[in-house]
Amino acid sequence: MKLFSQILILGLAAEATVASTWFSKAVYNKWHETELERWLSDHNVPYPTPADRKDLENLVKDNWQTKIAQPYSDWDTKQLNTYLQQKGVEVKDAAASNKDGLVAQVKSAWYEAEDKADDAWTSVKDWIFDSWTDSQLKAFADKHDIPVPQPRKRDTVLQKLRSNYETVAQKAGETASYPGNWLYETWSESDLKEWLDTNGIPAPQPTTRDKLIASVRRNARVASLRMADMSASASKSAADATQTLSDKLLESWSDSQIKEWADKNGIKVPQGSKRNELLAIARKHRASLTGDNASYSAKSAYGAATSSAANEYAKATDDAAMKADDLFNSAIATWSESRLKAYLDARGVPVPQNGKKDELLSAVRLNRHKAATGWSVWTFDTWTVDNLKAYLASSGDKAAKKASEQAGATREQLLSAAQNAYSSASKTSGSAYASVTSYLAKQTDAAKDSVFDTWSESELKNYLDSYGFDVPQGSTKNQLVAWARNQRNYFQYGTTSPQGTLWTKLSNSAQWVMDQLSFGAAAGRKEAAYQAEKAGDAVKEGATYASNRAGEAAQKAGDKIKEEL
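Residues numbered from 1 in each chain as written. Predicted model: local features only at pLDDT ≥ 70, side-chain atom pairs only at ≥ 80, totals over all residues. Heavy atoms only, no water.

Novice: What is the right way to look at the overall build of the protein chain in this model?
Specialist: For the protein chain, the helix and strand inventory stands at 23 helices and 0 strands. Looking at the protein chain as a whole, 41% of its 565 residues qualify as buried. Counted over contacts in the protein chain with a minimum sequence separation of 6, partners at least 24 positions apart contribute 66%. Per element, the accessible surface of the protein chain, about 29,700 Å² overall, is 50% carbon and sulfur. (Helix = DSSP H or I, 4+ residues; strand = E, 2+ residues; numbered from the N terminus. Buried < 20%, exposed > 50% of the residue type's maximum accessible area, 1.4 Å probe, protein only. Contact = heavy atoms within 4.5 Å. Areas by Shrake-Rupley, 256 points an atom, 1.4 Å probe, with all protein chains shown as cover.)

Novice: Could you clarify how one ought to interpret the nonpolar core in this entry?
Specialist: Nonpolar side chains in soluble globular proteins generally cluster together in the buried interior. Core analysis: the biggest nonpolar cluster contains 48 residues, and Trp31, Trp64, Trp121, Phe129, Phe140, Leu183 and Tyr184 have the highest contact counts within it. Among the elements of the structure, helix 2 (33–42), helix 3 (53–69), helix 6 (114–120), helix 7 (134–143), helix 8 (154–171), helix 9 (189–198) and helix 10 (209–252) are those that each provide at least two residues to this core. Of the residues forming this core, the biggest block, 6 residues, is contributed by helix 8. Contacts of Phe129, omitting those with residues within four sequence positions, involve Leu137, Phe140, Arg154, Leu158, Leu161, Arg162, Tyr165 and Leu183. Grouped together as the second largest cluster of nonpolar side chains are 26 residues, Leu344, Tyr467, Val481 and Ala484 included. (Core = buried A, V, L, I, M, F, W, Y, C linked by side-chain atoms within 4.5 Å.)

Novice: How should I be thinking about the side chain of Arg217 in this particular structure?
Specialist: Structurally, Arg217 can be placed in helix 10. For Arg217, a relative accessible area of 4% puts it in the buried group. Engagement of the side chain of Arg217 in a polar contact is seen with the backbone oxygen of Pro179, the distance being 3.1 Å. A distance of 3.3 Å separates polar atoms of two side chains, one belonging to Arg217 and the other to Asn181. Residues in contact with Arg217, not counting those within four places in the same chain, are Arg38, Asp42, Tyr178, Pro179, Gly180, Asn181 and Tyr184. (Polar contact = N/O pair within 3.5 Å; in protein donor to acceptor, adjacent residues only side chain to side chain.)

Novice: I tried to follow unusual backbone geometry on my own but got confused; where do I start?
Specialist: If a residue is not glycine, its phi is most likely negative; likewise, a peptide bond is most likely trans. Omega for the bond connecting Thr49 with Pro50 falls within 30 degrees of zero, at -5°, which places this linkage in the cis form. With respect to the element layout, Pro50 can be found in the loop between helix 2 and helix 3. The amide bond that connects Gln150 to the next residue, Pro151, takes the cis arrangement and shows omega of -5°. The residue Pro151 is located in the loop between helix 7 and helix 8 in this model. Even without being glycine, Asn44 reaches a positive phi, approximately 55°. Take Asn44: it is sitting in the loop between helix 2 and helix 3. For Asp145, which is not a glycine, the phi torsion comes out positive at approximately 55°. When you line up the elements, Asp145 lands in the loop between helix 7 and helix 8.

Novice: What is the right way to read the packing of aromatic side chains from this model?
Specialist: Two aromatic rings are characterised by how far apart their centres lie and by the angle between their planes. Applying the stated criterion to the full structure yields 39 aromatic pairs. The interplanar angle of 90° and the centroid separation of 5.3 Å between the aromatic rings of Tyr83 and Tyr111 together place this pair among those described as edge-to-face. Remark: Tyr111 occurs in the loop between helix 5 (99–108) and helix 6 and Tyr83 occurs in helix 4 (residues 77–86); sequence separation between them is 28 residues. Like Tyr83, the residue Tyr111 is buried in the burial classification. Joined through ring pairs, the aromatic side chains of Phe328, Trp335, Tyr343, Phe452, Trp455, Tyr463, Tyr467, Tyr490 and Phe491 make up one cluster. Note that Arg339 overlies the ring of Tyr467, its terminal NZ or CZ placed 3.6 Å from the centroid. (Phe/Tyr/Trp six-rings, centres within 6.5 Å; stacked < 30°, edge-to-face > 60°. Lys NZ or Arg CZ within 6 Å of the ring centre and 35° of its normal.)

Novice: What is the right way to look at the pattern of salt bridges in this model?
Specialist: A side chain of one charge can pair with a side chain of the opposite charge if their charged atoms are brought near each other. Throughout the structure, instances matching the rule amount to 15 salt bridges. For Lys107, the salt bridge is made with Glu114, and the minimal N-O distance between the two is 3.8 Å. Overall, Glu114 belongs to the partly exposed group, its relative accessible area being 24%. (Salt bridge = Lys/Arg side-chain N within 4 Å of Asp/Glu carboxyl O.)

Novice: Quick question: what am I supposed to make of the packing of helix 4 against helix 5 here?
Specialist: Helix-helix packing is characterised by the crossing angle of the two axes and by the distance between the axes. Contact pair helix 4 / helix 5: the axes reach a minimum separation of 10 Å and the direction vectors enclose 35°. Here the hand of the crossing between helix 4 and helix 5 comes out left-handed. Every residue of helix 5 that contacts helix 4 at Thr77, Leu80, Asn81, Tyr83 and Leu84 is listed here: Lys99, Leu102, Val103, Gln105 and Val106. (Axes fitted to C-alpha atoms, helices over the stretch in contact; angles between N-to-C directions. Left-handed = near helix turned anticlockwise from the far one by under 90°.)

The values are spatial; any link to function lies outside them.
This is how it looks when you write it as structure tokens:
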């Protein structure tokens, strides 16, 4: 028995030693206490105040796996499915709603291994700037007197910011491992909101500058990973397409042309080599060939074909942004003056003195990317009957409580009662208003995308009518739900897709690039094949024939892309 006890004690001691060793190596073990608190706050993990360092580290440790190593653990099935679709992973219909199964699939197709996720946080400077715009990078350099040689190319600016990151933090007396708000001092609130919009992350409602920064900081790593993944995919597609073109061009040459080119590049060709052997020799030494050769010609041809696609993509991106603006402008044009004022009020924007609709519309357009900072009577817009009744019953307002108990009350009647109760409480302020805002702060899930699915068609039409939306005759319920969701999202977020835009927008953008690259390669292959046939008929025309035709192929491929776009 004594021997067993000794063995048990030794085993526990060894286990504790291993655990202690692992824990001491955790990246956050070296963080300042304020960074630990900041991380917990950013990830909505409650922590005691005051708290000693060990308690903070334990809380970070307990949540690190789901927040950092597996950030997709908190995603809903829609986000999980979209990610898998983007990565080209097929999901069967039966599995599309099984969250556990989807999480497992996402894990196997995630951007990086879990140990790499830990490593990334040992050097934040290497990726924290990746999702910044060029103007934001330059503004940071200017503010902190970081010299950047002209012309200020993005790669150069990034390199300078990374090399000066710790120095800037030290001069400011700030921490750099999990950076504070100092990193975003040059960003306006609209910049922060626009970053969230661009990356498909709903801005916290209601919000403050601190909350916006926390949301940007919390999601910066995933945004960086996705950008790197998209870039790598585009580069691989370009390389694959170039390889295909190079093969086609080689096949278009005659035996004598291959021998001539081999001799020109100092490559020995055995006497009596058959065509397949000649092609194999050419492919083997393709990387060492320079100048007017297959690889060079293929790259030139492909470059010409895809440079047009790149220009068209940039134009298409701008056009998409303009289209989004146009859709937003069209939507708000039908809003009533009271709703336009509410949009501005919720964002702390002074309402124009004259209050004319044109001026209100102009102010709303100007503040499209400004996040809502408070509640208003419109907060209850999308609440369900049960949510409204619960609010009225707890508001402390006698009239409101009576309305909640009224048998057969419609949603519109309950909504009106809730708005009146809120308006009355906000005017009196004091404990009544404090009680109302406390209740609202706990109802963050009262208006999710799925809320409209439970509404009747008449409720949906009434809701759309409050936006001045003209519902076409014969509209289906699914159409009504989609229109209602769009109007709600425009009013709350300034965009129609706050959830999933990161996935949809980046996925669509990448797919556009992939389509253009694939098309460019296909066009080039078609032309190269055509030139191969021509070269076979006119082999005596000289060694420059194929390269000339490759140039024509590139031009035609580029022209074809323009026509298609």
